[in-house]
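# Structural overview
So you can see what is in the structure, the chains are spelled out below.
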Amino acid sequence: MTKRPYIVGNWKMNGNRAMLAEARAIDRAAQRYPDVEIALAPPAPLIGTVREAVTGIGVGGQDCHTAAKGAHTGDVSAAMLADIGADFVILGHSERRRDHGENDVLVRAKAEAALAAGLSVIICVGETLDERDSGKAEAVVSAQIDGSVPLGEGAAVAAGRVAVAYEPVWAIGTGRVAAVEDVVAMHAAAGARLVAAFGEDAVRVRILYGGSVNGENAIGLLGAPGVGGALVGGASLTADAFLPIVAAASQVSA
Ligand code: PGA
């Protein structure tokens, strides 16, 4: 089965209601790219309004709690995301691992909760610069996949509801993009772990690259073997910056 490239904009802690205009512009343009699956993950207060403003793109969250409800001040559950119309949730982003001490065990539990609530998941992995410089990048990312991807969720994997984003920490928001050959090697390593876990259904797991993706470097990254799409931060905040990445995805999938 061929998979449409998946281009996801992660707005992080950016945006306000004025940015709905960008979401609408991205949504309108999406009609020109039926061969690309496009989604936005706005900050939690905007998910419902973005959902209501768009029709042709996916909308998701950037985190969820492991529990469906309860005494967890400030947290948002997967059921709540589903209730306001979210399709998916990004989990285990390196900024959450860093800022909130999230580890693989927690990320896996969140992924299980999200899948149980009917959401798809994008599970983020990636090495730090120290880990890369000391030759540990593949081992670190392989261990993160083994630890954070929900191994018991073969049915969700087979249904294409699980994606992985390889995001080298040193490439996020730095303008320093990973070399295409390194991305290919890391995606191959990640794919091997997924095959070990899920057998032939592992082909249904899209592996996205993230880290300083923009309209200029997107073609080279998205055209590389094993790259199923992109998780885009800074360049997803305006339609002008985001749409060239979508166009590149369409071009490489043609
Ligand atoms: P960036 O962020 O595109 O701004 O580097 C990517 C991400 O963290 O998902």
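Structural notes, computed from the coordinates.

## Quick look at the packing of aromatic side chains
Per the counting criterion, the structure on display carries one aromatic pair. Summarising the aromatic geometry, the rings of Tyr 166 and Tyr 209 are spaced 6.2 Å apart at their centres and angled 55 degrees between planes, so their arrangement reads as tilted. Of this pair, Tyr 166 sits in strand β6 (residues 162-166) while Tyr 209 sits in strand β7 (residues 206-210), placing them 43 residues apart in sequence. Each member of the pair, Tyr 166 together with Tyr 209, is buried. The ring of Tyr 6 carries the charged tip of Arg 206 above its face, separated from the ring centre by 4.3 Å.

## Some points on the side chain of Ser 250
In this fold, Ser 250 is placed in helix α11 (residues 239-253). Judged by relative accessible area, Ser 250 falls into the buried class, the value being 13%. One polar contact links Ser 250 to Asp 35, side chain to side chain, over a distance of 2.9 Å.

## Quick notes on the sheet that holds β7
Ordered by their spatial adjacency, eight strands build a closed barrel running β1-β2-β3-β4-β5-β6-β7-β8, and the pairing between neighbours is parallel. Put simply, the sheet's adjacent strands are angled 25 degrees from each other on average, direction ignored. Pairing of strand β4 (residues 88-91) with strand β5 (residues 120-125) involves four bridges; the strand directions are parallel. Residue pairing in the sheet places Leu 91 in a bridge with Ile 123 of β5.

Criteria and cut-off values
Residues numbered from 1 in each chain as written. Predicted model: local features only at pLDDT ≥ 70, side-chain atom pairs only at ≥ 80, totals over all residues. Heavy atoms only, no water. Phe/Tyr/Trp six-rings, centres within 6.5 Å; stacked < 30°, edge-to-face > 60°. Helix = DSSP H or I, 4+ residues; strand = E, 2+ residues; numbered from the N terminus. Buried < 20%, exposed > 50% of the residue type's maximum accessible area, 1.4 Å probe, protein only. Lys NZ or Arg CZ within 6 Å of the ring centre and 35° of its normal. Polar contact = N/O pair within 3.5 Å; in protein donor to acceptor, adjacent residues only side chain to side chain. Pairing = 2+ DSSP bridges. Axes fitted to C-alpha atoms, helices over the stretch in contact; angles between N-to-C directions.

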